[in-house]
Amino acid sequence: MKIVYVDMDDVLCDFLAAFQAAIEKEPKISFPQSQYGFFAKLKPLEGAIDAMNWLYQSTQFKPYILTAPSIENPMSYTEKRVWVEQYLGLDFVERLIISRDKSLLRGDFLIDDLAAGRGQEGFQGELVQFGSDRYPNWDSVIEYLRKNK
């Protein structure tokens, strides 16, 4: 089975929309993600939940969630875990990895919106950059993974 790591913020959940809404509501806050409840309240991105369920049920892939914590919010560890249970269930809670350096893990694919900054550039497998021209949404990512079993 091929190991697939999936980032959370702006891959599974809509961090940017929540960030922008928080700034509009309270412009003086430099780090809205430092507020209690920020991560637990994020909305899933379109297609993300179905894609994760497809990956989980696949016999070709073993998916994990690999997310970096917010150093501005020590509750991000707990809130990200709460989010995973709420939207994906306990099976994915068991596959939740929180690491500031994504290059520490071995796998075949890393689906992440960023190409660098949290160890993505040192990941030994293939980076599938979510939100890029090549992979703008979950449909394009799943189509690619189906072709590369």
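Computed from a predicted model, the values in this text were never measured in an experiment.

Colleague: Describe the pairing of strand S1 (residues 2-6), and please don't skip the residues or the numbers.
Modeller: Of the strand pairs in this sheet, S1 and strand S2 (residues 61-67) are connected by five bridges, and their pairing is parallel. Counted as the bridge partner of Tyr5 is Tyr64 from S2.

Colleague: Give a detailed account of the side chain of Lys80, specifying residues and quantitative values.
Modeller: Within the fold, Lys80 resides in helix H3 (residues 76-88). Not counting the four nearest positions on each side in its chain, Lys80 is found in contact with Met8, Asp9, Phe39, Thr67, Ala68 and Leu96.

Colleague: Any chance you could break down the packing of aromatic side chains for me, citing the residues and the numbers?
Modeller: The tally for this structure, following the rule as stated, stands at 13 aromatic pairs. Relative to Phe39, the ring of Phe38 lies with its centre 5.3 Å away and its plane at 80 degrees, an arrangement referred to as edge-to-face. Taking the centre distance of 5.2 Å and the plane angle of 65 degrees together, the rings of Tyr135 and Tyr144 count as edge-to-face. Members of the aromatic cluster, connected to one another through ring pairs, are Trp54, Phe61, Phe109, Tyr135 and Tyr144. The cationic tip of Arg95 hangs over the ring face of Tyr64; the distance from NZ or CZ to the ring centre is 5.7 Å.

Colleague: I'd like to hear about the environment of Leu114, residue by residue, with values.
Modeller: Positionally, Leu114 belongs in the loop between strand S4 (109-112) and strand S5 (126-129). Considered as a pair, Leu114 and Asp9 are 105 residues apart in the sequence and their alpha carbons are 9.9 Å apart. With sequence-adjacent residues up to four places away left out, Leu114 is seen in contact with Gln120, Leu127 and Gln129.

Thresholds, definitions, all that
- Residues numbered from 1 in each chain as written.
- Predicted model: local features only at pLDDT ≥ 70, side-chain atom pairs only at ≥ 80, totals over all residues.
- Heavy atoms only, no water.
- Pairing = 2+ DSSP bridges.
- Helix = DSSP H or I, 4+ residues; strand = E, 2+ residues; numbered from the N terminus.
- Contact = heavy atoms within 4.5 Å.
- Phe/Tyr/Trp six-rings, centres within 6.5 Å; stacked < 30°, edge-to-face > 60°.
- Lys NZ or Arg CZ within 6 Å of the ring centre and 35° of its normal.

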